Amino acid sequence: MNFPISFEFFPPKTPEGADKLRLARRALYAYKPEFCSVTFGAGGSTQDGTFGTVGEILKEGVDAACHFSCVGATKATVRQQLAALQAMGVKRLVALRGDLPSGYGAGGEFHYASDLVAFIREFTGDAFHIEVAAYPEIHPQAKSADADLQAFAAKVRAGANSAITQYFFNADAYFRFVDDAKKMGLDVPVVPGIMPIISSTQLMRFSDACGAEIPRWIRLRLQGFGDDLASIKSFGLDVVTDLCDQLRSAGVPGIHFYTMNQSQATVEICKRLGR
Ligand code: FAD
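Since this is a predicted model, take the numbers as computed values, not measurements. (Residues numbered from 1 in each chain as written. Predicted model: local features only at pLDDT ≥ 70, side-chain atom pairs only at ≥ 80, totals over all residues. Heavy atoms only, no water.)

Participant: Account for the overall build of the protein, with residues named and values stated.
Facilitator: Across its full length, the protein holds 10 helices and nine strands. In terms of C-alpha radius of gyration, the protein reaches 18 Å, essentially the compact-globule figure of 19 Å for 275 residues. Across its three principal directions, the C-alpha atoms of the protein cover 50 × 45 × 45 Å. Out of the 275 residues belonging to the protein, those deemed buried represent 50%. In the protein, the proportion of contacts linking residues at least 24 apart, taken out of those at least 6 apart, comes to 79%. In the structure as shown, the protein presents an accessible area of about 13100 Å², 51% of it carried by carbon and sulfur atoms. For the protein, the centre of its 28 positive side-chain charges and the centre of its 29 negative side-chain charges are spaced 2 Å apart. (Helix = DSSP H or I, 4+ residues; strand = E, 2+ residues; numbered from the N terminus. Rg over C-alpha atoms; globule rule 2.2 N^0.38 Å. Buried < 20%, exposed > 50% of the residue type's maximum accessible area, 1.4 Å probe, protein only. Contact = heavy atoms within 4.5 Å. Areas by Shrake-Rupley, 256 points an atom, 1.4 Å probe, with all protein chains shown as cover. Lys, Arg positive; Asp, Glu negative; His and termini not counted. Charge placed at Lys NZ, Arg CZ, Asp CG, Glu CD.)

Written out as structure tokens, the structure is:
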């Protein structure tokens, strides 16, 4: 059975990284993504790399989504960046608040992603398909689960077309989020974001920072493998493929893979899913 998939990359920091990413993209394109997205460092720190990678993907004949974060930004710079993206032929954005690294003052003219979505709609009308972030396990800074759902609603009502979730390993959290959103009349597709398990330490680090919970049984098993990378990868492939299978059987609108700029694990999961 075919279902839409998309792949996320981050802008490479070195020419070697850029070459590796080109190879990874080539391997992943065989699975016919609906689009590929490129992250954007909060405060515009990766703007050149992000726009450059988005441009390469478009030239390769694949639809590209540019992540776009607004924390610390002014309306004037956002306007310029949107105009540049339109000139490049970008039609899809992932609109985010972002997180400024500690030490940066907050500043800026946007407080939340909903402000950015509203501004993009005001300034560019329907020029872009706008994706926003969703948090089935609740954003770490949210005052409460309900407040976070209201924040999601604000993004949809400001004009978002669809959403991609933070990664999770507990499908029930996703199903509950989607049900709650529907009850509020929010009918946009909510695509699960899926993180292949490539490295145990990296996963633990990311999850602590973004509030994605690693279930105890997964955490303990990964810890038990120690430095045995082959066992970590093999276990990770089983767990993540099962999760995708469960989501696909439930009729999710697509699956978005956080590839970490590596093709191997995502390719293997796509193969196991029969893509
Ligand atoms: P928002 O939706 O603005 O929410 C941020 C917090 O504020 C939440 O706790 C929310 O509950 C709260 N909130 C929102 N509105 C209100 C309100 N009116 N009153 C009170 N509280 C409110 N980060 C990057 O820097 N670059 C990227 O490219 C990037 N890509 C991402 C892609 C996906 C799919 C996801 C899920 C996350 C991504 N992130 C990225 C991380 C993201 O920037 C962080 O999670 C950030 O902390 C929140 O961004 P947001 O757009 O979800 O913010």
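Participant: Give a description of the site of the ligand that names residues and reports values.
Facilitator: Around the ligand, 22 residues are found, and the nearest of them are F40, D99, Y135, D148 and K155. Here the ligand has 980 Å² of accessible area as a free molecule, and 82% of this is covered by the chains. Of all the elements in the fold, those that place two or more residues in the shell around the ligand are α5 (145-157) and β6 (162-165). If you tally residues by element for the shell around the ligand, the top one is α5, at three residues. Among the residues forming the shell around the ligand, the class breakdown is 11 nonpolar, seven polar and four charged. (Near = heavy atom within 4 Å. Nonpolar A, V, L, I, M, F, W, Y, C, P; charged D, E, K, R; others polar.)

Participant: Lay out the packing of aromatic side chains with the relevant residues and their values.
Facilitator: All chains considered together, the criterion is met by 12 aromatic pairs. Ring geometry for F7 versus F257: centroids 6.1 Å apart, planes at 35°, classification tilted. You can see F7 sitting in strand β1 (residues 5-9) and its partner F257 sitting in strand β9 (residues 255-258), a full 250 residues away along the chain. The exposure class of F257 is buried, given its relative accessible area of 0%. Aromatic pair W217 and F235: ring centres 6.1 Å apart, planes at 85°, arrangement edge-to-face. Of this pair, W217 sits in helix α8 (residues 216-225) while F235 sits in helix α9 (residues 229-249), and the two are 18 residues apart along the sequence. Classification of W217 as partly exposed rests on a relative accessible area of 48%. Through a chain of ring-to-ring contacts, three or more aromatic side chains come together here, namely F40, F51 and F68. Above the face of the F123 ring, R79 is positioned so that its terminal group lies 5.4 Å from the ring centre. (Phe/Tyr/Trp six-rings, centres within 6.5 Å; stacked < 30°, edge-to-face > 60°. Lys NZ or Arg CZ within 6 Å of the ring centre and 35° of its normal.)

Participant: Break down the environment of Y167 for me, citing the residues and quoting the values.
Facilitator: Residue position: Y167 is located in the loop between β6 and α6 (171-183). In the structure, Y167 is positioned 27 residues away from I194 in sequence and 5.1 Å away in space, judged by C-alpha atoms. Here Y167 is in contact with E137, G193, I194, M195, L203, F206, S207, C210, A212 and Y258, once residues within four sequence places are set aside. Within the local environment of Y167, its side chain forms a polar contact with the side chain of S207, the two groups lying 2.7 Å apart. (Polar contact = N/O pair within 3.5 Å; in protein donor to acceptor, adjacent residues only side chain to side chain.)

Participant: Residues and numbers for the pattern of salt bridges, please.
Facilitator: Any two side chains of opposite charge can pair, on the condition that their charged atoms come close. Within the structure shown, the criterion is met by 12 salt bridges. Across the salt bridge formed by E56 and R22, the nearest N and O atoms sit 2.9 Å from each other. With a gap of 34 residues between them, E56 in helix α2 (residues 47-59) and R22 in helix α1 (residues 15-29) connect regions that are remote in the sequence. R272 is the partner of D238 in a salt bridge, and the nearest nitrogen-oxygen pair spans 2.8 Å. Separated by 34 residues along the polypeptide, D238 in helix α9 and R272 in helix α10 (residues 264-272) bring together distant segments of the chain. A residue is classified by how much of its surface remains accessible, and R272, at 40% relative accessible area, is partly exposed. Within this structure, D19, R22, R25, E56 and E60 form a network of salt bridges that share partners. (Salt bridge = Lys/Arg side-chain N within 4 Å of Asp/Glu carboxyl O.)

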